Amino acid sequence: EPEVTQTPSHQVTQMGQEVILRCVPISNHLYFYWYRQILGQKVEFLVSFYNNEISEKSEIFDDQFSVERPDGSNFTLKIRSTKLEDSAMYFCASSEAGLKYEQYFGPGTRLTVT
Amino acid sequence: SQKIEQNSEALNIQEGKTATLTCNYTNYSPAYLQWYRQDPGRGPVFLLLIRENEKEKRKERLKVTFDTTLKQSLFHITASQPADSATYLCALDANDKIIFGKGTRLHILP
């Protein structure tokens, strides 16, 4: 069964460094998302992406964040200058056209900022 | 303010009984409400979606109801099994975003 994959599974970085989290969505899906989950807290929406552009973003997704679909398969989240409070699990998700709210999540990348 | 509330942080149910989880929301008008399962350290897994014009949806041992007047969804697992133990998340659409509740940790006791 097709699944969303994410790399790396765990990323440790120093405050102020840039990180890029990578995702490969399910191949026939057209909607792509990033979420984060701080330990013990709820899953929080960051951004949705459709037709090569951001369709919606939350107040968390400020100028330090960006997303890109550099080729036909990868979807990336970049954090330009990481802060301690960016430490969280980051999940990528994707969904089919017409089934936008049936989202399939990847296993996540645990980001630790020291 | 807008809120999604899921009943009690943890729920213990005896194996074989029906588990019922509640999701209440305020100041949202979702067209779609979803339920996901999340195991520790893993990503959420989509279970069911119910539309605002649907009262009930079923999938195997799962049943979801959606009452837009009460602003509430109920999620039922019948004939519960220890393998059903997980955190269950309610989520709804809000201006093209998906907003998640904090979840209910369900423990099915053998």
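Refer to the preceding data block for the structure.
Residues numbered from 1 in each chain as written. Chains lettered and ligands numbered in written order. Predicted model: local features only at pLDDT ≥ 70, side-chain atom pairs only at ≥ 80, totals over all residues. Heavy atoms only, no water.

(A) Structural context of the overall build of chain A. Within chain A, the regular secondary structure consists of 0 helices and 11 strands. Counting from the amino terminus, helix and strand elements in chain A follow one another as β-β-β-β-β-β-β-β-β-β-β. The C-alpha radius of gyration of chain A comes to 13 Å, within 12% of the 13 Å expected for a compact globule of 114 residues. Split into buried and exposed, the 114 residues of chain A put 45% on the buried side. Sequence-distant contacts, at least 24 apart, represent 55% of the contacts inside chain A between residues at least 6 apart. Per element, the accessible surface of chain A, about 5,700 Å² overall, is 45% carbon and sulfur. Counting 10 positive and 15 negative side-chain charges, chain A places the centres of these two groups 4 Å from one another. (Helix = DSSP H or I, 4+ residues; strand = E, 2+ residues; numbered from the N terminus. Rg over C-alpha atoms; globule rule 2.2 N^0.38 Å. Buried < 20%, exposed > 50% of the residue type's maximum accessible area, 1.4 Å probe, protein only. Contact = heavy atoms within 4.5 Å. Areas by Shrake-Rupley, 256 points an atom, 1.4 Å probe, with all protein chains shown as cover. Lys, Arg positive; Asp, Glu negative; His and termini not counted. Charge placed at Lys NZ, Arg CZ, Asp CG, Glu CD.)

(B) Region of interest: the overall build of chain B. Looking only at helices and strands, chain B has 0 helices and 11 strands in total. Ordered by position from N to C terminus, the α and β elements of chain B give β-β-β-β-β-β-β-β-β-β-β. In terms of overall dimensions, chain B has C-alpha extents of about 40 × 30 × 20 Å along its principal axes. Sorting the 110 residues of chain B into buried and exposed places 47% on the buried side.

(C) Spotlight on the interface of chain B and chain A. Facing 19 residues of chain B, the contacting portion of chain A comprises 22 residues. Around 1,700 Å² of area is buried between chain B and chain A when both sides are counted, 59% of it from carbon and sulfur atoms. Of all residues in chain B, the largest losses of buried area upon contact with chain A belong to B:Asp96, B:Lys97 and B:Phe100, amounting jointly to 32% of the total for that side. Applying the counting criterion to the chain B and chain A interface returns 0 salt bridges. Counting the contacts that link chain B with chain A gives 2 residue pairs in polar contact (both at pLDDT 80 or more). (Buried area = accessible area lost by both parts, 1.4 Å probe. Salt bridge = Lys/Arg side-chain N within 4 Å of Asp/Glu carboxyl O. Polar contact = N/O pair within 3.5 Å; in protein donor to acceptor, adjacent residues only side chain to side chain.)

(D) Region of the structure containing the pairing of strand E11 (residues 104–109) of chain B. All names here are of chain B. Alternating residues of E11 divide into Thr104, Leu106 and Ile108, all buried, and Arg105, His107 and Leu109, none buried. When strand E9 (residues 86–94) meets E11, the two strands line up antiparallel, connected through 3 bridges. Residue pairing across strands places Ala86 opposite Leu106, the latter belonging to E11. (Pairing = 2+ DSSP bridges.)

(E) Representation of the sheet that holds strand E7 (residues 62–67) of chain B in the model. Residues and elements named next belong to chain B. A sheet is described by the order of its strands in space; here 5 strands give the open sequence E1-E3-E8-E7-E6, paired in antiparallel fashion. The open sheet is flanked by strand E1 (3–6) and strand E6 (56–59), the only strands paired with a single partner. Neighbour-to-neighbour, the strand axes of the sheet open up by a mean angle of 15 degrees, direction not taken into account. Of the pairings in the sheet, the one linking E7 to strand E8 (residues 72–77) comprises 6 bridges and is antiparallel in character. Within the sheet, the bridge partner assigned to Lys63 lies in E8 and is His76. (Axes fitted to C-alpha atoms, helices over the stretch in contact; angles between N-to-C directions.)

(F) Here's a closer look at unusual backbone geometry. A cis amide bond links A:Thr7 with the next residue in sequence, A:Pro8, at an omega value of -10 degrees. Tracing the backbone through its elements, the reader meets A:Pro8 in the loop between strand E1 (5–7) and strand E2 (10–13). Backbone geometry places B:Ala79, a non-glycine residue, at a positive phi of 45 degrees. Owing to a relative accessible area of 40%, B:Ala79 belongs among the partly exposed residues under this scheme.

(G) Structural detail: the side chain of A:Gln37. Tracing the backbone shows A:Gln37 in strand E4 (residues 31–37). Apart from residues lying up to four places away in sequence, A:Gln37 is in contact with A:Lys42, A:Val43, A:Ala88, A:Met89, A:Phe91 and B:Gln38.

(H) Just the sheet that holds strand E7 (residues 65–68) of chain A, in detail. All names here are of chain A. As summarised here, the arrangement of the 4 strands in space is E1-E3-E8-E7, forming an open sheet in which the pairing is antiparallel. This sheet does not close on itself; its edge strands, each paired only once, are E1 and E7. Across the sheet, the mean angle separating the axes of adjacent strands is 20 degrees when strand polarity is ignored. Pairing of E7 with strand E8 (residues 75–79), which is carried by 4 bridges, proceeds in the antiparallel orientation. When the sheet's bridge partners are listed, Ser66 is paired in E8 with Lys78.

In short, geometric facts, not functional conclusions.
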